[in-house]
Amino acid sequence: MRALRIAPDTTVTELDLPEADAHLAIRDHIGTTGTVDQGVYHRRALLHIHGDGRAMGLAQNIAAWALAGAWRGMALYPVHGPVVVTGRAQDGGVADLDDGLAQHAHAVAQTVRETLGEWRTRPPASNEAALSELLAYAARDVAPQPVVRTRGPAH
């Protein structure tokens, strides 16, 4: 089953989860034997988040935060530690992640990586400005692409 792992350093890794033990594999990829929270930020995806990540002091996952915020259309609470993104079945269970949503994750992670790099030489005016900028870029990355229609030859 196709899934992605987004690390706090913005690295996105393609995963092939086993059908039978997907939840166990997700826990392994997140690095916990404890709670895994599931967030529904897109109707066709689940974000699997370390349940104790913040309390344990895991690094913030800005790329996963930006992806979830862009899918929801608003700034959300911080996400800590690695995150696994899977598809979401009609019954709410784990499913194969589709190509379009995988592309969203890759694009947002790349944008976050590039933006953080730019901020080394051009820091944002404030934390609020930084979050707004990242969310705007991520929203652009997940926006539906317009269909370009061309006319046939004139007769």
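Quick notes on the rules
As a convention, each chain's residues are numbered from 1 in the sequence order in which they are written. With the structure being a predicted model, the display of local features is reserved for residues of pLDDT at least 70 and the display and counting of side-chain atom pairs for 80 or more, all residues being used for whole-chain, interface and lining totals. Here the side-chain values reflect all heavy atoms present in the structure, with hydrogen atoms and water set aside. Buried means the residue's accessible area, taken with a 1.4 Å probe over protein chains only, is under 20% of the maximum for its type, while exposed means over 50%, and partly exposed covers the values in between. Only runs of H or I of at least four residues qualify as helices and only runs of E of at least two qualify as strands under DSSP, and these elements are numbered from the N terminus. Two residues qualify as a contact provided that any one of their heavy atoms is within 4.5 Å of a heavy atom in the partner residue. We count a salt bridge whenever a side-chain nitrogen from Lys or Arg sits within 4 Å of a carboxyl oxygen from Asp or Glu.

(A) Layout of helix α2 (residues 62-72). Across the eleven residues of α2, nine count as buried, placing the element largely inside the fold. Of all the positions in α2, only A63, A64, W65, A66, L67, A68, G69, A70 and W71 are classed as buried. If you follow the buried residues of α2, they end up packed against β1 (2-6), β3 (36-42), β4 (45-50), β5 (83-88), α3 (99-119) and α4 (127-142). Positive phi appears at G73, one or two residues downstream of α2, with a value of about 80°.

(B) Quick look at the pattern of salt bridges. If you walk through the whole model with that rule in mind, you get six salt bridges. One salt bridge in this structure joins E14 and R2, with 3.0 Å as the shortest N-O distance. Of this pair, E14 sits in strand β2 (residues 12-16) while R2 sits in strand β1; the two residues are twelve residues apart in sequence, bridging distant segments of the chain. Judged by its relative accessible area of 42%, E14 is partly exposed. Using a relative accessible area of 22% as the deciding quantity, one classes R2 as partly exposed. Between D99 and R2 there is a salt bridge, with its nearest N and O atoms 2.4 Å apart. One end of the pair, D99, is in helix α3; the other, R2, is in strand β1, with 97 residues separating them in the sequence. Owing to a relative accessible area of 59%, D99 belongs among the exposed residues under this scheme. Through salt bridges with shared partners, a single ionic network connects R2, E14 and D99.

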